[in-house]
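Residues per chain are reported as follows:
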Amino acid sequence: MAWRFALVIDPVASDIRRDDFSDTLAVIDPDGPALRVGDLSAQRGDGVFESLGVVDGHPQEVGPHLARLAHSAGLCDLPEPNLDQWRAAIDRAAAEAPAGESVIKLILSRGVEHGPAPTAWLTLADAPDNARSRTEGVRIAALDRGYALDVPARAPWLLLGAKTLSYAVNMAAIREAKRRGADDAVFVTSDGFVLEAPTASIVLRFGGRFVTPTPNAGILHGTTQLSLFAHLEQRGFETAYETVPVSDLGRADAAWLLSSVRLAAPISAVDGEAKAVDHAFTDELNAYLLSPRD
Ligand code: PLP
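Residues numbered from 1 in each chain as written. Predicted model: local features only at pLDDT ≥ 70, side-chain atom pairs only at ≥ 80, totals over all residues. Heavy atoms only, no water.

A. Structural view of the site of the ligand. Residues in contact with the ligand amount to 17 residues; listed here are only the nearest, Lys-163, Tyr-167, Thr-223, Thr-224 and Ser-260. The contact in question runs from a nitrogen atom of the ligand to an N or O atom on the side chain of Glu-196, over 2.8 Å. Contacts to the ligand include Thr-199, whose backbone N or O atom sits 3.5 Å from an oxygen atom. Out of a free accessible area of 390 Å², the ligand has 95% covered by protein chains. According to the grid-proximity analysis, the pocket containing the ligand is the largest pocket. Listing elements by their share of the shell around the ligand, those giving two or more residues are helix H2 (62-75), helix H7 (223-234) and strand S12 (254-259). In terms of residue class, the shell around the ligand is made up of 6 nonpolar, 8 polar and 3 charged. (Near = heavy atom within 4 Å. Polar contact = N/O pair within 3.5 Å; in protein donor to acceptor, adjacent residues only side chain to side chain. Areas by Shrake-Rupley, 256 points an atom, 1.4 Å probe, with all protein chains shown as cover. 1 Å grid on protein atoms, 1.4 Å probe; cavity = no way out; pocket = protein on both sides within 12 Å on 5 of 7 lines; lining within 4 Å. Sits in = over half its atoms within 2 Å of the grid points. Helix = DSSP H or I, 4+ residues; strand = E, 2+ residues; numbered from the N terminus. Nonpolar A, V, L, I, M, F, W, Y, C, P; charged D, E, K, R; others polar.)

B. Highlighting the packing of aromatic side chains. One pass over the full model with this rule turns up 7 aromatic pairs. Measuring from ring centre to ring centre gives 5.9 Å for Phe-210 and Phe-281, while their planes differ by 20 degrees; the resulting arrangement is stacked. Taken as a pair, Phe-210 in strand S10 (residues 209-213) and Phe-281 in helix H9 (residues 279-290) lie far apart in primary sequence, 71 residues in all. An aromatic cluster is built from Phe-210, Phe-237, Trp-256 and Phe-281, whose rings are joined through pairwise contacts. The positively charged end of Arg-145 is found above the aromatic ring belonging to Phe-187, 4.6 Å away from the centroid. Of note, Arg-293 hangs over the ring of Tyr-288, and the distance from its end group to the ring centre comes to 5.8 Å. (Phe/Tyr/Trp six-rings, centres within 6.5 Å; stacked < 30°, edge-to-face > 60°. Lys NZ or Arg CZ within 6 Å of the ring centre and 35° of its normal.)

C. Focus on the sheet that holds strand S4 (residues 58-59). The antiparallel open sheet is built from 6 strands, whose spatial order is S2-S1-S6-S5-S3-S4. Of all the strands in the sheet, just strand S2 (25-28) and S4 have a single pairing partner and so form its edges. Sheet contacts for H2: strand S3 (47-55), S4 and strand S5 (101-109); angle to S3, the most-contacted strand, approximately 175 degrees. (Pairing = 2+ DSSP bridges. Contact = heavy atoms within 4.5 Å. Axes fitted to C-alpha atoms, helices over the stretch in contact; angles between N-to-C directions.)

D. The arrangement of the side chain of Asp-248 in detail. Within the fold, Asp-248 resides in helix H8 (residues 247-251). Among the polar contacts made by the side chain of Asp-248, one reaches the side chain of Arg-251 at a distance of 2.9 Å. Residues contacting Asp-248, with those up to four places away along its chain left out, are Leu-204 and Phe-206.

E. How the structure looks around the pattern of salt bridges. In this structure the tally under the stated criterion is 21 salt bridges. Through salt bridges with shared partners, a single network forms among Glu-176, Arg-179 and Arg-180. (Salt bridge = Lys/Arg side-chain N within 4 Å of Asp/Glu carboxyl O.)

F. The arrangement of the pairing of strand S8 (residues 184-188) in detail. Among the 5 residues of S8, 5 are classified as buried, and the element is accordingly described as predominantly covered. Burial along S8 is two-sided: the face carrying Asp-184, Val-186 and Val-188 and the face carrying Ala-185 and Phe-187 are both buried. One ladder, built from 5 bridges, connects strand S7 (residues 138-144) with S8; its direction is parallel. Along S8, the bridge assignment pairs Ile-140 with Asp-184. (Buried < 20%, exposed > 50% of the residue type's maximum accessible area, 1.4 Å probe, protein only.)

G. Inspection of the layout of surface pockets at higher detail. Reported here for the largest pocket is a volume of approximately 1,100 Å³. Those elements that place two or more of their residues in the lining of the largest pocket are S3, S5, helix H6 (168-179), S8, H7 and S12. Among the elements that make up the lining of the largest pocket, the one with the highest residue count is H6 (6 residues). Looking at the lining of the largest pocket residue by residue, the class counts come to 23 nonpolar, 13 polar and 9 charged. If you add up the space inside the second largest pocket, you get close to 230 Å³. Taken together, Asp-129, Asn-130, Ala-131, Arg-132, Ser-133, Glu-136, Gly-137, Val-138, Arg-139, Asp-183, Arg-262 and Ser-268 form the lining of the second largest pocket. Elements that contribute at least two residues to the lining of the second largest pocket include exactly helix H4 (131-135) and S7. It is H4 that provides the largest number of residues to the lining of the second largest pocket, a total of 3 residues. Residues that form the lining of the second largest pocket fall into these classes: 2 nonpolar, 4 polar and 6 charged. (Points joined across faces, edges and corners; volume = space filled by probe spheres on them.)

Just distances and angles here, no functional claims.
In structure tokens:
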């Protein structure tokens, strides 16, 4: 991954109103050292993050990403982020973005152990090449997440609805999916309901109706899915948040993984069973997702 730009942010209180945050944003060498060894993001994965797509210099869906950053911070009892300050940091980074697709990552850590304040930084990097997954699709393996659908409500300390930096389990699931001959995983509950992919939301199509699992604290509410549903509704399609049984993965006439950087990747197989890919419709979805979105 080519890192283009990085900023360390000195977080200010959420209620501070200013026109200019530039004195709180320090540009650093994106390839140089930046973190203290005691930073709890590195020691324990104790922090939250966001990844935003940037297309031709336009950061996509900044408002929904910042809302989710604040939501994740709240679930983790981190200080409420000052969203104006983060917006200023995003604008500063987006101004450095080259033509084409890039990715901005926002990271808010609990800070240095015993330290007084959270640490925060932002990076801008070239987006990985997603052309193949957008056109040919992705083969998925359904993997047991190891808990039932009602667990997030019973055990909120599991932080299942927060985008925390603890993604080791998500990465392990992708490796397991690859061992099974697939490209990516989709998590399912132990009682047989579809959740999300390790780094993406899932949307299923049944005729003119589009369905995604309800983001009821057990999964992230995807900004890409949210934006796509608004677009589909505008085009006259029906959309719904539902409890989705695993059998629907096979029953749906088409399905996609959705995320901010990959955009819409059609699912071409589920546990080795081929699934039809609607190439023309997928191209339309990706054309929309690549257009400037706020
Ligand atoms: N679910 C998980 C676990 C994710 O990590 C992501 C994105 O990284 C998503 C869903 C999709 O979210 P978004 O569309 O906001 O990128």
